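Spelled out, the chains give:
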Amino acid sequence: GPWSAPRGFRVAAAAGGAGGEAVGDATPPRLELAAIQTYGTIFIVGGRTDPGSQVAINGELVKVEADGTFTKPVQLVKEGWSLIEITARDPAGNETALQRRVFVENP
């Protein structure tokens, strides 16, 4: 068939250990949070981590952009004080975790 348009791609590789883990990397990823925005029972959590890291908010994976930024709406239904836990994990398995206490107010 006819040739398709060329596409670009990036290859990320960790330096050599078994299972693809980086050897000797013990530095946890950076995890910076922006101010959490509140809209009733919905909280907008966003921030930045190292590119290539995974981010989970309350155990749910979040899409991380190529530059390391992320944003996710979180809905909490239990009225009163709650914790939102944000965890970043780099390809070597190092983790950084932060918690933010928020107040849920049902109208």
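Residues numbered from 1 in each chain as written. Predicted model: local features only at pLDDT ≥ 70, side-chain atom pairs only at ≥ 80, totals over all residues. Heavy atoms only, no water.

S.K.: An account of the sheet that holds strand β8 (residues 95-104) is needed here, citing residue identities and associated values.
M.R.: Across the sheet, which stays open at both edges, the four strands sit in the order β5-β4-β7-β8 with antiparallel pairing between neighbours. In the strand order of this sheet, the two ends are held by β5 (60-62) and β8, each with one partner. Strand-to-strand, the axes of this sheet are offset by a mean angle of 25 degrees, without reference to chain direction. As paired strands, strand β4 (residues 54-57) and strand β7 (residues 80-89) are joined by four bridges and run antiparallel to one another. Across the sheet, the residue bridging to Val 55 is Ala 88, located in β7. (Pairing = 2+ DSSP bridges. Helix = DSSP H or I, 4+ residues; strand = E, 2+ residues; numbered from the N terminus. Axes fitted to C-alpha atoms, helices over the stretch in contact; angles between N-to-C directions.)

S.K.: Report on the side chain of Thr 41, specifying residues and quantitative values.
M.R.: Considering the arrangement of structural elements, one finds Thr 41 in the loop between β2 (37-39) and β3 (42-49). You can call Thr 41 buried: its relative accessible area is 16%. For Thr 41, the side chain forms a polar contact with the side chain of Gln 75, separated by 3.4 Å. Residues in contact with Thr 41, not counting those within four places in the same chain, are Val 74, Gln 75, Leu 76, Val 104, Glu 105 and Asn 106. (Buried < 20%, exposed > 50% of the residue type's maximum accessible area, 1.4 Å probe, protein only. Polar contact = N/O pair within 3.5 Å; in protein donor to acceptor, adjacent residues only side chain to side chain. Contact = heavy atoms within 4.5 Å.)

S.K.: Any details on the side chain of Asn 94? Residues and values, ideally.
M.R.: Relative to the elements of secondary structure, Asn 94 occurs in the loop between β7 and β8. For Asn 94, a relative accessible area of 14% corresponds to the buried category. Polar contacts involving the side chain of Asn 94 include one to the main-chain carbonyl oxygen of Thr 27, which spans 3.3 Å. Excluding residues within four positions of it along the chain, Asn 94 makes contact with Asp 25, Ala 26, Thr 27, Pro 28, Pro 29, Ala 88 and Arg 89.

S.K.: Please provide a residue-by-residue account of the pattern of salt bridges, values included.
M.R.: All chains considered together, the criterion is met by five salt bridges. With a shortest N-O distance of 3.3 Å, Arg 30 and Asp 50 are connected by a salt bridge. Pair noted here: Arg 30 is in the segment before β1 (31-33) and Asp 50 is in the loop between β3 and β4, with a separation of 20 residues, a long-range link. For Arg 30, a relative accessible area of 32% puts it in the partly exposed group. Between Arg 89 and Glu 95 there is a salt bridge; the shortest N-O distance is 2.1 Å. (Salt bridge = Lys/Arg side-chain N within 4 Å of Asp/Glu carboxyl O.)

S.K.: Provide a residue-level description of the nonpolar core, including the pertinent values.
M.R.: Side chains of nonpolar character tend, in soluble globular proteins, to be buried together. Ranked by internal contacts, the top residues of the largest apolar core, which has 14 residues, are Val 55, Ile 57, Phe 70, Leu 76, Ile 84 and Ile 86. Mapped onto this core, the elements with two or more residues apiece are β3, β4, β6 (69-75), β7 and β8. Considering each element in turn, this core owes the most residues, three residues, to β7. (Core = buried A, V, L, I, M, F, W, Y, C linked by side-chain atoms within 4.5 Å.)

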